[in-house]
Amino acid sequence: MADLSKQIQDQVLSARNAGTKLNIVAGGSKSFMGRAADPDASELNVADHSGIIDYHPVELVLTVRAGTTLKEIEATLAEQGQSLHFEPPRFGDQSTIGGTLACNLSGPARPWAGSVRDQVLGVKLINGKGEHLKFGGQVMKNVAGYDVSRLQAGAMGTLGVMTEISLKVMPQPAASLTLVREMAADQVIEYMNARAAEPKPLSAACWLDGRVYLRLSGAKSAVEATARQWEGEVLEEAEDFWQQLRDQQHGFFNRSEPLWRFSVGATAKQPPLDGAWLIDWAGAQRWYSGDAEKPRLQQWAREAGGQVSLFRGGNRDGEVMHHQPEVLAGLQKRLKSAFDPDGIFNPGRLYSWL
Amino acid sequence: MSEKPTISKAELAELFRGFIDPAFVIDDAETMKPYECDGMSMYCEMPLLVVLPETVSQVQDVMRTCARHKVPVVARGAGTGLSAGAMPHAEGIVLSLAKFNRILSIDPLARSARLQPGVRNLAISEAADRFGLYYGPDPSSQIACTIGGNVAENSGGVHCLKYGLTVHNLLSVELVTVDGELVTIGSDGLDCCGMDLMALMTGSEGLLGIVTEVQVKLLPKPEIAQVVMAGFDNVQQAGDAVGGIIAHGIIPGGLEMMDGHAIVAADDFAKAGYPRDAKALLLCEVDGTEEEVHEHIEQAEALFRKLGATSVRTSQSEEERALLWKGRKSAFPAVGRISPDYYCMDGTIPRSQLAHVLTEMEKMSEEFGLRVANVFHAGDGNLHPLILFDANVPGEFERTEAFGSKILELCVAVGGCITGEHGVGVEKIRQMAIQFNDDELAQFRDVKAAFDPDGILNPGKGVPTLRFCQEYRSLEHKQHDIHSNADSTHG
Ligand SMILES: Cc1cc2nc3c(=O)[nH]c(=O)nc-3n(C[C@H](O)[C@H](O)[C@H](O)COP(=O)(O)OP(=O)(O)OC[C@H]3O[C@@H](n4cnc5c(N)ncnc54)[C@H](O)[C@@H]3O)c2cc1C
């Protein structure tokens, strides 16, 4: 619970002077993601750089130090009847907001509530020259300068150490209810998307083990009226179900095979691949646990209009992210140099060549 | 811009005519005249040439040609921008995307549309209507402005509090880079691996690449929408009511405020039946399912009354809803009728600062001897002060600019920013040095160089050069000294 930005800045500067590399770590709950950390780099621990700096419920804006845990943030918001609408996965109590943004992780509500990147209003960042810079701000709309804040989403700390993050927060829905029914995988894609195209308070849509789950959230009257119009049983203990999905605690996530994440067109047909599937985000995010090889998975992801990444397990020394075409790889390399000219931060964590 | 172009106007035109229909390579002053400015007509410049390519590969060839000869390129959509972002460069070309006006496809099940960059914002919703879908961001200029321009400015609209800005409603963008490479960023999926280049491109004001295709998300049209109009005796109460609604857990589809001057001007223009004696007016639109809207409208009416509204009226039909909005949506032209010219500012502030900022602005208005009317996106704190002036009175625009600059400084001082949705362009380039320090501006320049090392794309816009900032700051310093000396003599 302290402002350690000065110390972090000093550590970056001395790494720069000494020509060494840094692995940025906060809660460490997502160390399984990305490529394996460079063993020659030293650890830059930012977990203690935490605490809520500013929170105005009426403004719907929260500003925190990047090492603040999701747990602390959510407890503070809940006192005011608000929440992080993007439902970030909590891989442990120590999961932080900085790690969540760096990995661009959002939960079941994402297609409707937006992602963590969508809710970011501003960041403070220490770049590879040790400069502490502020981008964006604490207001809802800001188009002055390039959107460096949202650029951090998915960059996995390769562009700098985030020290402060401002986010838009939202009121919790007044009511919530989940409908469940049996459905085969080949029907569910169309079914979920057709529901999503209706002007109803849908807030999550997922398919698992032959059943489709639709969550409705909003004004009580609207949620109840929609539940009467749509088919399906009301799910008991629905909160537990969504929490387990969100935090990847469901049995599906405990399989021994590698876990792949597809971010694809919501209406793409399910591919004929052996293994276990979980379909979330009304089809836009699909989890695959199985032994198929990356080239084949990448091929299907491309046909489905999206990308695939190796989320958990498997070979973490190879490329885990979707292949980047040459022009995009070139742009990302040049951006990396623009922020971190000496390549200090998280070498090789995102791509082998970055 | 590091270097001067290495080619003459005639040679360049000749090169372009080699691969673009010669009728669409414009080099005479008269035909080029309409391109000399965008919606910010106080800033004008004649370009070397205007080209209107018709295919993506022509756009690539334009970029290759210009990159080779170091010719500045200013992309242009509909030219409705309000920060002179599309103002031409005297030594460069205007690359108009006007011919790219086709809606390529709409996928009703996936709720997305593929568009060429010159498609008008409103045309998207019109085309999606038969599927019960629409495109969320709705700038007041939506009849004219293009999706390419919207991407370049990260445009917003009345419905942004609930449905987000352009950046929240895009799936992918096809881009021609400065050296003519074609690349797609984003995908049909919601997230991509690696750095978020989509976010970086959105709002980059034509400084990083030319957008040649855009894929947007579409939303299901709400079952119903109703608007509550509430009049207040003072802006403080109206401001508190905005907070009150949100604190209550209602996120309105739109939540707009007007001050006394704007109320009268808009009512004269639209005959919307606004309470003309009110000092502040709120328009609060609630949309969703029948049940939800019913529930929230009742709560909103009660809340406004409790928080001191002197009048509350709720639209009972689509016609009435349209009428209540008509006043707001035509506020700019309405103000245009009560003054020869107006200058629209675009700062954003934390909502809690609203009353303070409006009071300060009133004071400045007296100091500068210029009237100001206020309309704003109250829900997200985005102000649009309209400074009224007469361009024919010598020195009045300069005074207007100085007033505007003070407003933006105030916005930054209370924790806000210099532009919420109109962009920096040329117009706010000086104020960039108020919002950002030298290191931050240098970081922006490094980002730019990663895409455009020779500085060919829209030079002179968006991010000031280091020298510019230093000069501006020292000037500010001098003025400050003069002011404080004057203060002490008066003191
Ligand atoms: C009456 C009025 C009301 C307005 N209301 C709103 C409002 O409510 N909300 C809002 O956000 N804005 C508003 N605007 C501002 C303006 O309409 C928006 O900024 C709009 O997005 C500009 O679109 P355009 O096609 O006219 O772009 P232009 O003005 O032609 O260009 C704007 C910028 O985008 C760049 N650009 C254009 N096309 C491309 C492309 N294909 N690739 C790369 N760069 C490109 C240009 O170089 C320039 O920098 C309003 C303007 C007016 C005149």
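Rules of the game
- Residues numbered from 1 in each chain as written.
- Chains lettered and ligands numbered in written order.
- Predicted model: local features only at pLDDT ≥ 70, side-chain atom pairs only at ≥ 80, totals over all residues.
- Heavy atoms only, no water.
- UniProt positions renumbered as here; feature names shortened; annotations may be inferred.
- Helix = DSSP H or I, 4+ residues; strand = E, 2+ residues; numbered from the N terminus.
- Rg over C-alpha atoms; globule rule 2.2 N^0.38 Å.
- Buried < 20%, exposed > 50% of the residue type's maximum accessible area, 1.4 Å probe, protein only.
- Contact = heavy atoms within 4.5 Å.
- Core = buried A, V, L, I, M, F, W, Y, C linked by side-chain atoms within 4.5 Å.
- Disulfide = S-S within 2.5 Å.
- Expected span 1.5 Å × (residues − 1).
- Arc of directions from axis to C-beta.
- Domains from an automatic or database assignment.
- Buried area = accessible area lost by both parts, 1.4 Å probe.
- Salt bridge = Lys/Arg side-chain N within 4 Å of Asp/Glu carboxyl O.
- Polar contact = N/O pair within 3.5 Å; in protein donor to acceptor, adjacent residues only side chain to side chain.
- Nonpolar A, V, L, I, M, F, W, Y, C, P; charged D, E, K, R; others polar.
- Pairing = 2+ DSSP bridges.
- Axes fitted to C-alpha atoms, helices over the stretch in contact; angles between N-to-C directions.
- Parallel < 35°, antiparallel > 145°, perpendicular 65-115°, else oblique.
- Left-handed = near helix turned anticlockwise from the far one by under 90°.
- Phe/Tyr/Trp six-rings, centres within 6.5 Å; stacked < 30°, edge-to-face > 60°.
- Lys NZ or Arg CZ within 6 Å of the ring centre and 35° of its normal.
- Lys, Arg positive; Asp, Glu negative; His and termini not counted.

In the annotation of an unreviewed UniProt entry, the entry for chain B reads Glycolate oxidase, and the organism field reads Marinobacter zhejiangensis. Recorded in UniProt for chain B, the comment headed Cofactor (unreviewed entry) runs: "FAD".

If you check an unreviewed UniProt entry, chain A appears there as Glycolate oxidase FAD binding subunit from Marinobacter zhejiangensis.

Some points on the overall build of chain B
A tally of regular secondary structure across chain B gives 17 helices and 18 strands. The C-alpha atoms of chain B give a radius of gyration of 23 Å, which matches the 23 Å a tight globule of 491 residues would have. Here the C-alpha coordinates of chain B stretch approximately 70 × 70 × 45 Å along the principal axes. Put simply, chain B has 491 residues, and 61% of those count as buried. Sequence separation of 24 or more characterises 72% of the internal contacts of chain B that already satisfy a separation of 6 or more.

A word on the nonpolar core
Phe262(A), Leu335(A), Val216(B) and Phe304(B) are the most contacted members of the largest nonpolar core, which totals 194 residues. Per-element accounting of this core gives the leading share, 7 residues, to helix α14 (residues 396-413) of chain B. If near-sequence neighbours (up to four positions away) are discounted, Leu335(A) is found in contact with Leu151(A), Leu159(A), Met195(B), Leu197(B), Leu200(B), Val447(B), Ala450(B) and Phe451(B). Formed by 32 residues, the second largest nonpolar core is a distinct cluster that contains Phe24(B), Val73(B), Ile456(B) and Leu457(B).

Points about the state of the cysteines
Inspection of every chain in the model, using the stated rule, returns 0 disulfides over all chains. For the unlinked cysteine Cys417(B), the closest cysteine sulfur is that of Cys411(B), found at 7.6 Å.

Quick word on helix α10 (residues 290-306) of chain B
For α10(B), with 17 residues, the first-to-last C-alpha span of 24 Å sits near the 24 Å given by 1.5 Å per residue. For α10(B), every residue scored as buried is listed here: Glu292(B), Val293(B), His296(B), Ile297(B), Ala300(B), Leu303(B) and Phe304(B). Buried residues in α10(B), looked at end-on, bunch into an arc of 135°, giving them a common side. Away from the buried face of α10(B) by more than 90 degrees, exposed residues His294(B), Arg305(B) and Lys306(B) are located. The inward-facing, buried residues of α10(B) contact α8 (220-229) of chain A together with β12 (224-232), α8 (235-247), β14 (280-288) and β15 (311-314) of chain B. Downstream of α10(B) by a residue or two, Gly308(B) has a phi angle that is positive, lying close to 100°.

Section: the domain arrangement of chain A
Put simply, an interface is often sized by how much accessible area is lost when its parts join up. Residue and element names in this part refer to chain A. Here chain A is partitioned into domain 1 (5-171 + 331-339) and domain 2 (175-312). In this structure, domain 1 and domain 2 have C-alpha centres spaced 27 Å apart. Opposite the 16 residues of domain 1 that make contact, domain 2 presents 17 residues. When domain 1 packs against domain 2, the two sides together hide about 1,400 Å² of surface, and 57% of this comes from carbon and sulfur. The interface formed by domain 1 and domain 2 contains 3 salt bridges. Note that Glu87 is salt-bridged to Arg215, the shortest N-O span being 3.0 Å. Inspection of the domain 1/domain 2 interface yields 6 residue pairs in polar contact (both at pLDDT 80 or more). At 3 residues, the largest contribution of residues to the side of domain 1 that touches domain 2 is made by helix α4 (residues 110-113). The residue inventory of the side of domain 1 that touches domain 2, partitioned by class, reads 10 nonpolar, 2 polar and 4 charged.

Thoughts on the sheet that holds strand β4 (residues 93-96) of chain B
All names here are of chain B. An order of β1-β2-β4-β3 is seen for the 4 strands of this open sheet, with the pairing classed as mixed. Of all the strands in the sheet, just β1 (25-26) and β3 (73-76) have a single pairing partner and so form its edges. The sheet contact formed by strand β2 (residues 49-51) and β4 spans 3 bridges and is parallel. Bridged to Val51 within β4 is Leu95. Lying over the sheet, helix α1 (residues 9-17) contacts β1, β2 and β4, oriented at roughly 10° with respect to β2. Across the face of the sheet, helix α3 (residues 56-69) comes into contact with β2, β3 and β4 while running at roughly 165° to β4.

Considerations on the packing of helix α11 (residues 326-339) of chain A against helix α16 (residues 438-451) of chain B
For any two helices packed against each other, the geometry comes down to the angle between their axes and how far apart the axes lie. Closest axis-to-axis distance for the α11(A)/α16(B) pair is 9 Å, and the angle between their directions is 160°. Relative to α16(B), α11(A) is oriented roughly antiparallel. Helix-helix and strand crossings are classified by hand; for α11(A) and α16(B) the assignment is right-handed. From α11(A), Leu331(A), Arg334(A), Leu335(A), Ala338(A) and Phe339(A) reach across to α16(B), where they touch Gln443(B), Asp446(B), Val447(B), Ala450(B) and Phe451(B). When its residues are assigned to classes, the contact of α11(A) with α16(B) shows 7 nonpolar, 1 polar and 2 charged.

Quick word on the UniProt feature "domain: FAD-binding PCMH-type" (unreviewed entry) in chain B
The sites that carry the UniProt feature "domain: FAD-binding PCMH-type" (unreviewed entry) are, in the present numbering, residues 43-221 of chain B. Along residues 43-221 of chain B one finds 21% helix and 25% strand; the C-alpha atoms at either end are 39 Å apart.

Describing the interface of chain A and chain B
Contacts between the two partners involve 78 residues from chain A, matched on the other side by 82 residues from chain B. Counting each side, the surface lost to burial between chain A and chain B is near 6,400 Å², with a carbon and sulfur contribution of 61%. A per-residue breakdown of the area chain A buries against chain B is headed by Lys141(A), Val143(A) and Tyr146(A), which together make up 16% of the total. Between the two partners, chain A and chain B, sit 7 salt bridges. Two residues, Lys200(A) and Glu223(B), come together in a salt bridge whose shortest N-O distance is 2.4 Å. Considering every element that reaches the side of chain A that touches chain B, the biggest residue donor is α11(A), with 9 residues. Class assignment for the residues of the side of chain A that touches chain B results in 39 nonpolar, 21 polar and 18 charged.

Some words on the packing of aromatic side chains
Inspection of every chain in the model, using the stated rule, returns 24 aromatic pairs over all chains. On the basis of an interplanar angle of 85° and a centroid distance of 6.3 Å, the ring pair of Phe232(B) and Phe304(B) is categorised as edge-to-face. In this pair, Phe232(B) sits in strand β12 while Phe304(B) sits in helix α10, placing the two residues 72 residues apart along the sequence. Among the residues examined, Phe232(B) registers a relative accessible area of 0% and is labelled buried. Members of the aromatic cluster, each reached through a chain of ring pairs, are Phe32(A), Phe91(A), Phe252(A), Phe253(A), Trp287(A) and Phe311(A). Its guanidinium or amino end placed over the ring of Trp281(A), Arg110(A) lies 5.7 Å from that ring's centre, counting from NZ or CZ. Sitting over the face of the ring of Phe32(A), Arg312(A) holds its NZ or CZ atom 3.8 Å from the ring centroid.

What to know about the side chain of Arg35(A)
Residues and elements named next belong to chain A. Inspection of the secondary structure assignment puts Arg35 in the loop between β1 (22-25) and β2 (42-45). Salt bridges are absent for the buried Arg35, whose nearest opposite-charge side chain, Glu319, sits at 4.1 Å. At a separation of 2.6 Å, a polar atom in the side chain of Arg35 contacts the main-chain carbonyl oxygen of Gly348. Apart from residues no more than four positions distant in its own chain, Arg35 is found in contact with Arg316, Asp317, Gly318, Glu319, Val320, Gly348, Arg349, Leu350, Tyr351 and Ser352.

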